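Geometric and topological summary
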Amino acid sequence: MKIYWIRAQAPRRVLALAGHLGVNAEFVEIGRALKTKDYAALNPNMRAPTLVDGDVVLWESTAIMAYLCIKQGSDMWPASNPREQVEVLRWLSWDDCHWGPAVGPFYFEHIVKKTFNIGPPDRASLVAKVPNLKAFAKILDDHLEGRSFVACDRLTIADFHLASMAADWRDAEMPFASCSNVVRWLDTLARLPAWADPWPQATSAAA
Ligand SMILES: N[C@@H](CCC(=O)N[C@@H](CS)C(=O)NCC(=O)O)C(=O)O
């Protein structure tokens, strides 16, 4: 199995899950080869991550996470429990439609720009985005009251999904100071070794 990655949030979810589940794979840091015809033949979006496992070629981090859980027999994606499945699905959807777009601008300005050396954060552009992020953070904070994890009373792919842009919330200056449950949840994830340091050590470079 090969997993193509770059140092960004969607691959991070997949790499952390692979590390957490002890997946045996070759991790390929795709680098500049992301924009080549060979890579486009695997992933026409020319984005990362992509998984290749025999004749299975899969893109979209959510689908890859589900695939890895099924392959490893992990209930972090509750493949054999429809009720739990829809619970997890609800949060994956919420992330794609609401939470991700709310945290994304902060993640981009503070984390992506620094990682890829593309200039200083434009803090002024974030001012107008604060109310939207606070509104969605309150929804998550209320949900996490009395809960350690987002769904099913245990760690699931929903946690890695929702946390992938918010993990470095302090560096990204996300306004979570009054969201103690969100902070507790992110701090709990940060104590998982595979989440805290998801980037593969043994890796092959494709560029
Ligand atoms: N919805 C896709 C998002 C993939 C995506 O946008 N990946 C970004 C990194 S988070 C990427 O490859 N960016 C490189 C580029 O846009 O050139 C997923 O979850 O896999």
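Residues numbered from 1 in each chain as written. Predicted model: local features only at pLDDT ≥ 70, side-chain atom pairs only at ≥ 80, totals over all residues. Heavy atoms only, no water.

What follows concerns the domain arrangement of the chain. With domains assigned, the chain is organised as domain 1 (2-76 + 195-205) and domain 2 (82-193). Taken over C-alpha atoms, the centre of domain 1 sits 21 Å from the centre of domain 2. The interface of domain 1 with domain 2 comprises 18 residues on the first partner and 20 residues on the second. Buried area between domain 1 and domain 2, summed over both chains or domains, comes out near 1700 Å², and the portion from carbon and sulfur atoms is 64%. Of all residues in domain 1, Gln9, Met76 and Trp195 give up the largest surface area on contact with domain 2, accounting jointly for 42% of the area buried on that side. The partner of arginine 154 in a salt bridge is aspartate 75, with the nearest N and O atoms 3.3 Å apart. The tally of links between domain 1 and domain 2 comes to twelve residue pairs in polar contact (both at pLDDT 80 or more). (Domains from an automatic or database assignment. Contact = heavy atoms within 4.5 Å. Buried area = accessible area lost by both parts, 1.4 Å probe. Salt bridge = Lys/Arg side-chain N within 4 Å of Asp/Glu carboxyl O. Polar contact = N/O pair within 3.5 Å; in protein donor to acceptor, adjacent residues only side chain to side chain.)

Among the 13 residues in the neighbourhood of the ligand, the closest are listed as Lys35, Arg47, Ala48, Glu60 and Ser61. At a separation of 2.7 Å, a nitrogen atom of the ligand approaches a polar side-chain atom of glutamate 60. Between serine 61 and the ligand, the recorded distance is 2.6 Å, taken from a side-chain N or O atom to an oxygen atom. Look at the ligand: alone it shows 510 Å² of surface, and the protein chains cover 72% of it. Here the shell around the ligand gets four residues from one element, more than from any other, and that element is helix 1 (residues 9-21). (Near = heavy atom within 4 Å. Areas by Shrake-Rupley, 256 points an atom, 1.4 Å probe, with all protein chains shown as cover. Helix = DSSP H or I, 4+ residues; strand = E, 2+ residues; numbered from the N terminus.)

Moving on, we get to the environment of aspartate 75. Examined against the element boundaries, aspartate 75 turns out to sit in the loop between helix 3 (61-72) and helix 4 (82-115). Judged by relative accessible area, which is 44%, aspartate 75 ranks as partly exposed. In the structure, aspartate 75 is positioned 77 residues away from cysteine 152 in sequence and 10.0 Å away in space, judged by C-alpha atoms. (Buried < 20%, exposed > 50% of the residue type's maximum accessible area, 1.4 Å probe, protein only.)

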